[in-house]
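Given next are the chains, with one letter for each unit.
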Amino acid sequence: MADDLVQVLDADGNVTGEVPPLKDDRMLEMYELMVTTRMLDERMMQLQRQGRLGFYLTATGEEAAHVGSTMACRDPDWIVPQYREPGTFLARGMPLTSFIDQLFGNEEDLTKGRQMPNHFSYRDGNVLSVSSPVGSQIPHATGIGYAADYRGDDVASLVYFGDGATSQGEFHTGLNFAGVLDTPSVFVCKNNGWAISLPFEEQTASETIAQKADAYGFPGVRVDGNDILAVYQVTKEAMDRARDGGGPTLIECRTYRLGSHSSSDDPSRYRPEEELEDWETRDPIDRYRDFLAERGIWDNDVEEEIRQQIEDEIETALDAAKDKPDPPLESMFDDVYEEMPPHLEEQRDELLDEAESSQ
Amino acid sequence: METLQHLDADGTLVGPEPELSDETMVEVMEAMVTIRTLDERMMALQRQGRVGFYGQARGQEAAVASAVPLTEDDWVWPALREGGIALTRGYTIEQYLHHLFGTVEAVEKGRSMPCHYSDKEVNQVSFSSCIGNHLPQAVGAAYAADYKGRDQVMMAYLGDGATSEPDFHYAMNFGALWEAPCVLFCQNNQWSISVPFEQQTATDTIAEKGVAYDVPSVRIDGNDVFAVHEAARDAVQRARDGHGPTLIESVTYRRGGHSSSDDPDRYRSDEELERWRRRDPIDRFRTYLSQRGLWDEEREAAFVASVESTIDDAIEAAEAAPKPPIESMFTDVHAEMPPHIQEQLELLEAEQEDG
């Protein structure tokens with residue numbers, strides 16, 4: 001099965017497959033998104049360790065898998081995230097300030113301080129909210145695809161999940177219905193080798209995730225998830241096929257989580273150092289940088305400029321986020337009912353009275 | 001995927017000489033005829049209002065051959081249509097009737113719906129109506145048996161509809177990971193109540209679903225006793241030898257309603273029914289056994305008469321037997337009855353007395 005791995009760039013950035021026809025600025029945009037994600041990871045983990053952020057999830061090592069697949073979507077398509085796709089939100093137009101405001105849960109957080117950090121949601125970019133229960137998002141993507149098909153919209157859905165989610169009932173339900181209803185849905189599994197502390201070998205007896213598509217009657221593809229061009233190409237073909245009525249696809253992006261599961265996890269407790277080192281030599285950003293350099297799209301000046309700009313943006317957003325107040329207390333009563341029912345109104349008034357008297 | 005067949009629809013042997021002894025073949029035939037006779041009588045009783053509910057196995061009787069390779073220590077985890085398998089393992093027609101009538105003599109003490117047979121004596125757990133939920137239980141029991149070093153195989157039955165349930169997914173995944181000694185025997189009878197197989201899954205077969213879990217699978221003619229037996233024998237042996245689960249897709253057809261509460265005329269065609277009637281598992285096996293001189297019409301008539309008479313006696317016994325005492329609903333959950341249950345029991349008894 002490993003022989004079936006689709007690859008355009010090898011670990012050293014050499015072209016081994018067919019490079020998708022992307023313009024130079026698009027290629028550079030993909031690079032910038034990966035670098036932004038990596039820089040955010042580094043800075044936010046630092047803040048988390050300083051106690052300034054409650055929680056963070058890094059995507060280090062998995063940048064190509066999610067940025068490449070997101071870039072293969074069209075604007076009207078719907079993306080259903082897992083929780084390790086920061087680049088997806090940014091690629092779909094979410095401003096960096098909104099990203100950071102969400103982590104701080106302040107007044108300008110689009111999710112109004114109601115979510116854990118990293119549980120972004122971006123309606124303007126057709127990206128659903130992150131939901132922590134593993135795999136629960138998979139049937140949603142099937143349903144969105146089915147609805148799009150039913151309404152005759154020229155739209156497909158794409159959903160992210162990890163290797164662990166493939167053992168969940170929702171994976172089975174979501175993919176079975178997608179097969180039966182022939183929905184325009186693309187299922188992207190980022191197989192990063194570990195479901196928190198559970199290694200892939202203990203997740204399933206099958207050699208690959210891709211072969212699980214056989215059980216649902218549609219194609220499964222296995223791609224080098226650290227090769228952004230291969231991920232882009234495979235996803236684009238799947239999304240086009242879905243929109244053209246060709247039905248769903250399961251894509252297995254073989255990648256590796258170089259960081260921890262989350263800021264609450266210590267992977268040195270369960271995984272061997274050599275494994276980490278081995279995967280560090282296959283870094284998705286390094287190989288793409290080498291490719292871009294070879295193409296004449298990238299050099300040290302470009303790198304410096306990009307990094308400086310991102311750093312400025314991050315620091316500006318952080319400075320602003322710190323000073324923004326928390327969402328107003330009464331906002332917790334909003335957004336469920338179009339008109340607030342009397343019992344909630346009563347609870348709200350009671351709370352506000354108490355808040356006032358305790359000041 | 002190929003469908004294994006040894007005995008074709010006309011009763012002609014198209015595979016190797018069967019390994020089953022003459023005696024076992026006759027036993028399988030008798031078991032199949034018993035099930036069909038019971039089904040006819042029980043459906044009549046249900047229509048007369050004497051039994052509340054019934055699920056017949058008409059057309060799927062050859063599945064009993066899958067239990068032939070099981071030992072007394074192995075366990076059966078049934079779906080709705082495996083009451084006949086309990087009968088081949090020592091459960092009696094009288095118990096069967098007590099169960100359907102929910103009498104004081106019923107193993108389940110009147111607590112289960114009809115057709116939810118169960119008997120610890122023959123290692124058959126209760127069917128529970130929730131589709132597929134017994135599959136992870138079977139895998140868990142297999143894992144436990146293996147862990148404890150017991151030589152036990154878990155034989156779990158399911159329908160085509162159950163393969164869409166998350167429980168099927170869990171069972172296959174964990175079964176394969178743990179190499180649990182179990183067999184998943186899927187009776188693909190083409191209909192999940194009114195959902196046809198084509199709307200159940202986008203795959204052509206159930207068997208190919210094994211690929212997702214690296215579970216070996218086989219597709220067989222489920223109306224062919226020899227194919228059923230061979231597939232089950234190999235799978236049970238594999239499990240016993242420590243090589244984990246097998247998925248068997250037994251292609252068959254439910255000729256009756258899903259249950260006595262169902263009217264299949266509403267959703268399926270007469271032509272389809274007729275097509276499958278011509279592939280009847282009993283007819284073809286009768287033809288084969290007759291050619292071998294092991295069975296004939298006379299013998300069948302005598303056998304049916306004896307089953308009928310056993311059924312008559314069993315009906316009489318079940319109808320005469322009292323219902324379980326009302327207080328029995330409070331027993332068998334706690335080793336010692338807790339005070340709040342005790343209180344409820346006394347309240348009920350007082351009310352009964354007043355009433």
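See the structure printed just above.
Bear in mind that the values here come from a model prediction, so they are computed numbers and not experimental data. (Residues numbered from 1 in each chain as written. Chains lettered and ligands numbered in written order. Predicted model: local features only at pLDDT ≥ 70, side-chain atom pairs only at ≥ 80, totals over all residues. Heavy atoms only, no water.)

Examining the overall build of chain A
Right, so step 1: When helices and strands are tallied, chain A shows 11 helices and seven strands.
Right, so step 2: By the compact-globule yardstick of 21 Å for 359 residues, chain A fits well, its C-alpha radius of gyration being 21 Å.
Right, so step 3: Taken over the C-alpha atoms alone, chain A extends approximately 70 × 50 × 40 Å along its principal axes.
Right, so step 4: For chain A, the separation between the mean place of its 31 positive charges and that of its 73 negative charges on side chains is 2 Å. (Helix = DSSP H or I, 4+ residues; strand = E, 2+ residues; numbered from the N terminus. Rg over C-alpha atoms; globule rule 2.2 N^0.38 Å. Lys, Arg positive; Asp, Glu negative; His and termini not counted. Charge placed at Lys NZ, Arg CZ, Asp CG, Glu CD.)

Some details on the packing of helix 2 (residues 63-71) of chain A against helix 7 (residues 228-243) of chain A
Residues and elements named next belong to chain A.
Right, so step 1: Running from N to C, helix 2 and helix 7 cross one another at 40°; their axes reach a closest spacing of 8 Å. The angle between the axes of helix 2 and helix 7 places the two elements in the oblique class. Two packed elements cross with a definite hand, and for helix 2 against helix 7 that hand is right-handed. In this structure, helix 2 uses A64, A65, V67, G68, S69 and M71 to contact helix 7, whose residues at the interface are I228, V231, Y232 and T235.
Right, so step 2: Taken together, the residues that form the contact of helix 2 with helix 7 break down as seven nonpolar, three polar and no charged. (Axes fitted to C-alpha atoms, helices over the stretch in contact; angles between N-to-C directions. Parallel < 35°, antiparallel > 145°, perpendicular 65-115°, else oblique. Left-handed = near helix turned anticlockwise from the far one by under 90°. Contact = heavy atoms within 4.5 Å. Nonpolar A, V, L, I, M, F, W, Y, C, P; charged D, E, K, R; others polar.)

Some details on helix 4 (residues 96-104) of chain A
All names here are of chain A.
Right, so step 1: For helix 4, the tally of buried residues reaches seven of nine residues, placing the bulk of the element in the interior.
Right, so step 2: L96, S98, F99, I100, D101, Q102 and L103 are the residues of helix 4 that are buried.
Right, so step 3: Where helix 4 is buried, its residues contact helix 1 (24-49), helix 3 (86-91) and helix 10 (300-323).
Right, so step 4: Where helix 4 ends, the next residue or the one after it, G105, has phi of about 60°, a positive value. (Buried < 20%, exposed > 50% of the residue type's maximum accessible area, 1.4 Å probe, protein only.)

Structural notes on the pattern of salt bridges
Right, so step 1: In the structure shown here, the tally under the stated rule is 48 salt bridges over all chains.
Right, so step 2: Notably, a salt bridge pairs A:R114 with A:D335, separated by 2.9 Å at the nearest N-O pair. Pair noted here: A:R114 is in the loop between helix 4 and helix 5 (138-151) and A:D335 is in the loop between helix 10 and helix 11 (342-357), with a separation of 221 residues, a long-range link.
Right, so step 3: With a closest N to O distance of 2.9 Å, B:D312 and B:R41 form a salt bridge. Remark: B:R41 occurs in helix 1 (residues 22-47) and B:D312 occurs in helix 9 (residues 297-320); sequence separation between them is 271 residues.
Right, so step 4: A relative accessible area of 23% means that B:R41 is categorised as partly exposed. (Salt bridge = Lys/Arg side-chain N within 4 Å of Asp/Glu carboxyl O.)

Digging into the sheet that holds strand 1 (residues 75-77) of chain B
Neighbouring strands of a sheet are bound in pairs by backbone hydrogen bonds; such pairs are parallel or else antiparallel.
Residues and elements named next belong to chain B.
Right, so step 1: Judged by pairing direction, the sheet is parallel, and its five strands sit side by side in the order 1-2-3-7-6 without closing on themselves. Looking at which strands have only one partner, the edges of the open sheet turn out to be strand 1 and strand 6 (217-221). Each strand of the sheet is rotated relative to its neighbour by a mean of 20°, with strand direction disregarded.
Right, so step 2: The pairing of strand 2 (residues 154-159) with strand 3 (residues 182-188) spans six bridges and is classified as parallel. Bridge pairing in strand 3 links M155 to V183. (Pairing = 2+ DSSP bridges.)

Section: unusual backbone geometry
Right, so step 1: Phi is positive for A:D182, close to 55°, though the residue is something other than glycine.
Right, so step 2: Looking at where A:D182 falls in the secondary structure, it is placed in the loop between helix 6 (169-181) and strand 3 (185-191).
Right, so step 3: What makes A:D182 partly exposed here is its relative accessible area of 40%.
Right, so step 4: Within the chain, B:I193 stands out as a residue other than glycine whose phi angle is a positive 45°.
Right, so step 5: Relative to the helices and strands, B:I193 resides in the loop between strand 4 (191-192) and strand 5 (195-196).
Right, so step 6: A relative accessible area of 40% means that B:I193 is categorised as partly exposed.

Digging into the packing of helix 1 of chain B against helix 9 of chain B
Residues and elements named next belong to chain B.
Right, so step 1: As a packed pair, helix 1 and helix 9 sit with axes 10 Å apart at the nearest point and diverge in direction by 50°. When the axes of helix 1 and helix 9 are compared, the pair comes out oblique. Seen from above, helix 1 lies across helix 9 with right-handed handedness. Residues V26, M29, E30, V33, T34, T37, L38, R41, M42 and L45 of helix 1 form the contact with helix 9, whose participating residues are R299, E300, F303, V304, V307, E308, I311, D312 and I315.

Some details on the interface of chain A and chain B
Right, so step 1: With 22 residues of chain A in contact, the opposing surface of chain B contributes 21 residues.
Right, so step 2: Taken together, chain A and chain B are joined by zero salt bridges.
Right, so step 3: Remark: the boundary between chain A and chain B carries 12 residue pairs in polar contact (both at pLDDT 80 or more).
Right, so step 4: Class assignment for the residues of the side of chain A that touches chain B results in five nonpolar, 13 polar and four charged. (Polar contact = N/O pair within 3.5 Å; in protein donor to acceptor, adjacent residues only side chain to side chain.)

A word on the sheet that holds strand 3 of chain A
Residues and elements named next belong to chain A.
Right, so step 1: Within the open sheet, the five strands sit side by side as 1-2-3-7-6. Their pairing is parallel. Looking at strand neighbours, the two that pair on one side only are strand 1 (78-80) and strand 6 (220-224), the edges of this open sheet. Each neighbouring strand pair of the sheet contributes to a mean axis angle of 20°, computed without reference to strand direction.
Right, so step 2: Helix 2 rests against strand 1, strand 2 (157-162), strand 3 and strand 7 (249-254) of the sheet, and its axis sits at about 175° to strand 2.

Points about the side chain of B:E61
All names here are of chain B.
Right, so step 1: Within the fold, E61 resides in the loop between helix 1 and strand 1.
Right, so step 2: The class of E61 is buried, set by a relative accessible area of 1%.
Right, so step 3: Beyond its immediate sequence surroundings of up to four residues, E61 is in contact with M32, I35, R36, P281 and I282.

A short note on the packing of aromatic side chains
Right, so step 1: Overall, the coordinates contain 21 aromatic pairs over all chains when judged by the stated rule.
Right, so step 2: An aromatic cluster is built from A:F161, A:F171, A:F187, A:Y216 and A:F218, whose rings are joined through pairwise contacts.
Right, so step 3: Taking the ring centre of B:W276 as reference, the NZ or CZ of B:R279 above it sits at 4.2 Å. (Phe/Tyr/Trp six-rings, centres within 6.5 Å; stacked < 30°, edge-to-face > 60°. Lys NZ or Arg CZ within 6 Å of the ring centre and 35° of its normal.)

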